[in-house]
Amino acid sequence: MMLHKKLHTEMSWEHLCELYDEMSDMAGVMQDPVHHAEGDVAIHTQRVINSVKLLPEYKTLTEREQQILWISALLHDVEKRSTTREEEGRIVSPGHARKGELTTRLFLYEKVPLSFADREQIAALVRFHGLPLWVMDKPDPKKALLAASLRVDCYLLALLAKADVLGRDCEDKQALFDKIALFTLYCEELNCWRCAAPFPSDDARFHYFYTENSTDCNYEPYPEKGSEVTVLCGLPGMGKDTFIRQHCADLPIVSLDDLRRQHNIKPDNRDANGWIVQQAKEQARIYLREHKPFVWNATNITRKMRDQLISLFYRYNAKITLVYIEVPYAQWQRQNNARNEVVPAKVMERMLSKLEVPTPEEAHKVIYWIEGKSHALL
C-alpha cells in the first residue's frame, strides 16, 4: 500500500479510494433511510467532508485543526463497513464508532504518519463523533462528557457533529442541531469547552472516574499508604525494556516475559499464559503488602487488560502510573527484528489492530512516552 506523509484536503474522493481500502469499502454500505436518506456511507462521508469545509468556523481554525477535522470527517464512519446489519427491519451499525477508533489509529499509524497528539485527537473524534447528539441519553451524562474532554477538543467535536448532520437527508435535522447547541452549553457549564475538564488533583480525577457512584469531581480522597506502581503499556518491540533501564533501573520488576523465560514457556503457549499471569500477580502482591514501589512490565494493550491490574493494585491503596510507550511504525518494525525473540509480523499486526492507547482517567497518572520523550495528549 502506498504511503503518504499527509492527507491533503484537495485530494479527490476517487483518488482516496484508489489509495485506501478504508475509503473504497464505504461504497455500497447502506444506511437506514430514516436517518440517512442520502444514500450509502460513501455518499454520506463525501457530504460530511464538504460540509466541514463549508462551515463558517472552519475558516477560523488553524491549519492543523483543519486537517484534524477533515480527516476525522473522512474516517468517522469507517467501520460501518464491518458493523452494519439489518435488525427488525431497520439498518443499524452498533459499535461502529468504538471500532472506528481502533481502525483510525491503525490507519494513521501505518499509512499516514501524523504526530501522536494529532493522531489520537482524530481517533478520539471518530470515537466520540455521536456524543454531541446523545450525551444526555448516557447513564451518567456528566461523567461521559468529562471523560471525553480529557481526550478530545469538544469544540472540534461539535463542529464534526454539525457537519455530520449537514451531510444527512433526514426530517429531524433541527432537533439534531438543537442537541449540538445543548452539548455546547453543557461543555461550558462543566468548564470543558476547548479544554480538558479541570480536577483539583490526579487523585481526585482518578477517584471520580474509578468509583462507580462518585458524583463530585472536586472530592479529594483521603490519602492512604500504599505502593507506587508503574504499569508499562506498549506493543512488543516498542522499547519497554529500554525505558526500564533508563528510568526504573533501581525498582523491582514484575515481568511476564521474564517469568516465561524462567519456566521455558513460549509466548504463544496460551494454555500457560493464565498461570504466568497468576505467578506475576503473586509477585506483585508481595510488594503491595509491603507498600514497596515496583514496575509491571507487559504489553497491556487493551483497556480490559489494564483494568484487571488496576483493580488489583487499587485494592492495596496503590498509586498507579501508566506509561504508554511508542515509536514510529518503521522504527517499531526494525526494533522488533533486532530482538532476540522476534514477534512474527502477523502477530504484530493483529496486536496493533487491537491497540487501545490508555486514556487519562484510567490511572492516577498517565504518561505518553513517544520517541523517547513525554508528550501531552491534548
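Right above here is the structure, for reference.
The structure displayed is predicted, hence computed values, not measured ones.

Draft legend 1. Quick peek at a nonpolar patch on the surface. Among the surface-exposed residues, Met136, Leu182 and Leu185 lie close enough to one another that they form a single nonpolar patch of about 280 Å² accessible area. One can find Leu185 in helix α11 (residues 173-189). Among the residues examined, Leu185 registers a relative accessible area of 52% and is labelled exposed.

Draft legend 2. Seen up close, the packing of helix α6 (residues 96-110) against helix α18 (residues 345-353). For the pair α6 and α18, the least separation of the axes is 9 Å and the interaxial angle reads 130°. Taken together, the axes of α6 and α18 are oblique relative to one another. Taking contact as the criterion, the partners of Leu102, Leu106, Tyr109 and Glu110 in α6 are, on α18, Glu349, Leu352 and Ser353. Looking at the contact of α6 with α18 residue by residue, the classes come out as 4 nonpolar, 1 polar and 2 charged.

Draft legend 3. Structural context of the pattern of salt bridges. Taken as a whole and assessed by the stated rule, the structure comprises 29 salt bridges. One salt bridge connects Lys292 with Glu290, and the closest N-O pair in it is separated by 3.2 Å. A salt bridge links Arg303 to Asp307, with the nearest nitrogen and oxygen atoms 3.5 Å apart. With a gap of 4 residues between them, Arg303 and Asp307 both fall in helix α16 (residues 303-315), about one helical turn apart. With relative accessibility at 31%, the residue Arg303 sits in the partly exposed group. By sharing partners, the salt bridges in this structure join Glu101, Arg105, Arg119, Glu120, Arg127, Arg151 and Glu326 into a single network.

What counts, and at which threshold
Residues take numbers from 1 onward in each chain, read along the sequence in its written order. A pLDDT threshold of at least 70 governs which residues receive local features in this predicted model, and a stricter bar of 80 or more applies before side-chain atom pairs are shown or counted, although totals over entire chains, interfaces and linings include all residues. The side-chain quantities take in all heavy atoms of the structure and omit both hydrogens and water. Exposure above 30% relative accessible area and the absence of a salt bridge qualify a residue for a patch, where like charges join within 9 Å and nonpolar side chains (Val, Leu, Ile, Met, Phe, Trp, Tyr) within 5 Å. Computed by Shrake-Rupley with a 1.4 Å probe, the accessible areas treat only the displayed protein chains as cover when residues are assessed. Whenever a carboxyl oxygen of Asp or Glu lies within 4 Å of a side-chain nitrogen of Lys or Arg, that contact is scored as a salt bridge. Secondary structure elements are defined from DSSP: runs of H or I of at least 4 residues count as helices, runs of E of at least 2 residues count as strands, and each element is numbered from the N terminus. Think of it in three bands: residues with accessible area under 20% of the maximum for their type are buried, residues over 50% are exposed, and the middle band is partly exposed, with areas taken using a 1.4 Å probe on protein chains only. Every angle, taken between N-to-C directions, lies between 0 and 180 degrees, and every axis is a line fitted to C-alpha atoms, over only the stretch in contact when it is a helix. For this classification, under 35 degrees means roughly parallel, over 145 means roughly antiparallel, 65 to 115 means roughly perpendicular, and everything else is oblique. Contacts are assigned to residue pairs that have any heavy atoms within 4.5 Å of one another. Residues are grouped as follows: Ala, Val, Leu, Ile, Met, Phe, Trp, Tyr, Cys and Pro are nonpolar; Asp, Glu, Lys and Arg are charged; all remaining types, including Gly, are polar.

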